[in-house]
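The lines below spell out each chain.
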Amino acid sequence: EQDVAEYRNSLAIRVSGFEVPRPIKTFEDCGFSPELMNAIAKQGYEKPTPIQCQALPVVLSGRDVIGMAKTGSGKTAAFVLPMIVHIMDQPELEKEEGPIGVICAPTRELAHQIYLEAKKFSKSHGIRVSAVYGGMSKLDQFKELKAGCEIVIATPGRLIDMLKMKALNMLRATYLVLDEADRMFDLGFEPQIRSIVGQIRPDRQTLLFSATMPRKIEKLAREILTDPVRVTVGEVGR
Ligand code: ADP
Ligand code: MG
């Protein structure tokens, strides 16, 4: 326990929550499949970043997470890698339809970046990824979603549009990520986020990442996360 505290300190990691899993030191510690380990190596990721060291084992344990760390600290892989594991763990993957992993991001640029990262790690698993955001033809997106996917990465407004058009259903969605939650709030997406969350089964795993933690986000987190583990790296402002 003393060792764990010292290791966290050395990486500027702070945690709170009930029975927080211990941080990992290497990607090997995560028990990833050989395919996933290959994909990680292909990215040139030699060792996990501090947020990954603590968030990966917590997310892999199935817990809800509030993750805070500055831009460029590797938060994307902290939720994308466990999402691949989560999807591969689903029984009878082929029989059902609709995305299992749903990621909301504030802008099309961010959604596209996450899409590229998710593609890299899902390719070798036969997992289909769709990106849904403004500036693309709604009809094309509708058709793509109708063809099926396991992961959807979306800006909130366009995802609501697609749900209204019944381009996808959320019956299979059990892994929800709200990335850059503070920016989504700044852009006025709170009602859309609440609507999307309300359409996803309550026994889902929910992850919320943010660079800052204003009170409005604290409040949302309390409402939509269950028994979350909070992981902070470095200093985080309100
Ligand atoms: P954040 O979401 O925290 O702003 P990103 O997930 O976009 O950060 O990652 C920032 C950069 O770091 C990306 O180019 C990503 O490919 C890279 N990266 C992520 N994890 C690792 C790692 N373990 N080792 C090396 N580079 C990494
Ligand atoms: Mg990010």
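Residues numbered from 1 in each chain as written. Chains lettered and ligands numbered in written order. Predicted model: local features only at pLDDT ≥ 70, side-chain atom pairs only at ≥ 80, totals over all residues. Heavy atoms only, no water.

Peer 1: Could you clarify how one ought to interpret the site of ligand 1 in this entry?
Peer 2: Residues in close proximity to ligand 1 total 14 residues, the closest being Y45, Q52, G72, K75 and T76. Between an oxygen atom of ligand 1 and a side-chain N or O atom of Y45, the distance comes to 2.5 Å. Considering ligand 1 on its own, with 570 Å² of exposed area, one finds that the protein chains cover 69% of that surface. Residue classes in the shell around ligand 1 are distributed as three nonpolar, seven polar and four charged. (Near = heavy atom within 4 Å. Polar contact = N/O pair within 3.5 Å; in protein donor to acceptor, adjacent residues only side chain to side chain. Areas by Shrake-Rupley, 256 points an atom, 1.4 Å probe, with all protein chains shown as cover. Nonpolar A, V, L, I, M, F, W, Y, C, P; charged D, E, K, R; others polar.)

Peer 1: In this structure, what is going on with the pairing of strand β6 (residues 175-178)? I would like to understand it.
Peer 2: Each regular strand carries side chains that alternate between the two faces of the sheet. Residues Y175 and V177 line one face of β6 and the alternating positions L176 and L178 line the opposite face, and both faces are buried. Where strand β3 (residues 101-104) lies against β6, four bridges are found, and the strand directions are parallel. Residue G101 lies in a different strand from β6, and its bridge partner there is Y175. Of the strand pairs in this sheet, β6 and strand β7 (residues 205-210) are connected by four bridges, and their pairing is parallel. Opposite Y175, over in β7, you have Q205 as the bridge partner. (Buried < 20%, exposed > 50% of the residue type's maximum accessible area, 1.4 Å probe, protein only. Helix = DSSP H or I, 4+ residues; strand = E, 2+ residues; numbered from the N terminus. Pairing = 2+ DSSP bridges.)

Peer 1: So what exactly am I meant to see when it comes to the packing of helix α3 (residues 50-60) against helix α4 (residues 75-88) here?
Peer 2: Axes are the key here: two packed helices are described by the angle between their axes and the distance separating the axes. Where α3 contacts α4, the two axes come as close as 9 Å, and the packing angle between them is 25°. With respect to their mutual orientation, α3 and α4 come out roughly parallel. For the element pair α3 and α4, the recorded crossing hand is right-handed. Residue-level contacts link I51, Q52, A55, L56, V59 and L60 of α3 to K75, A77, A78, L81, P82 and V85 of α4. Looking at side-chain class alone, the contact of α3 with α4 contains 10 nonpolar, one polar and one charged residues. (Axes fitted to C-alpha atoms, helices over the stretch in contact; angles between N-to-C directions. Parallel < 35°, antiparallel > 145°, perpendicular 65-115°, else oblique. Left-handed = near helix turned anticlockwise from the far one by under 90°. Contact = heavy atoms within 4.5 Å.)

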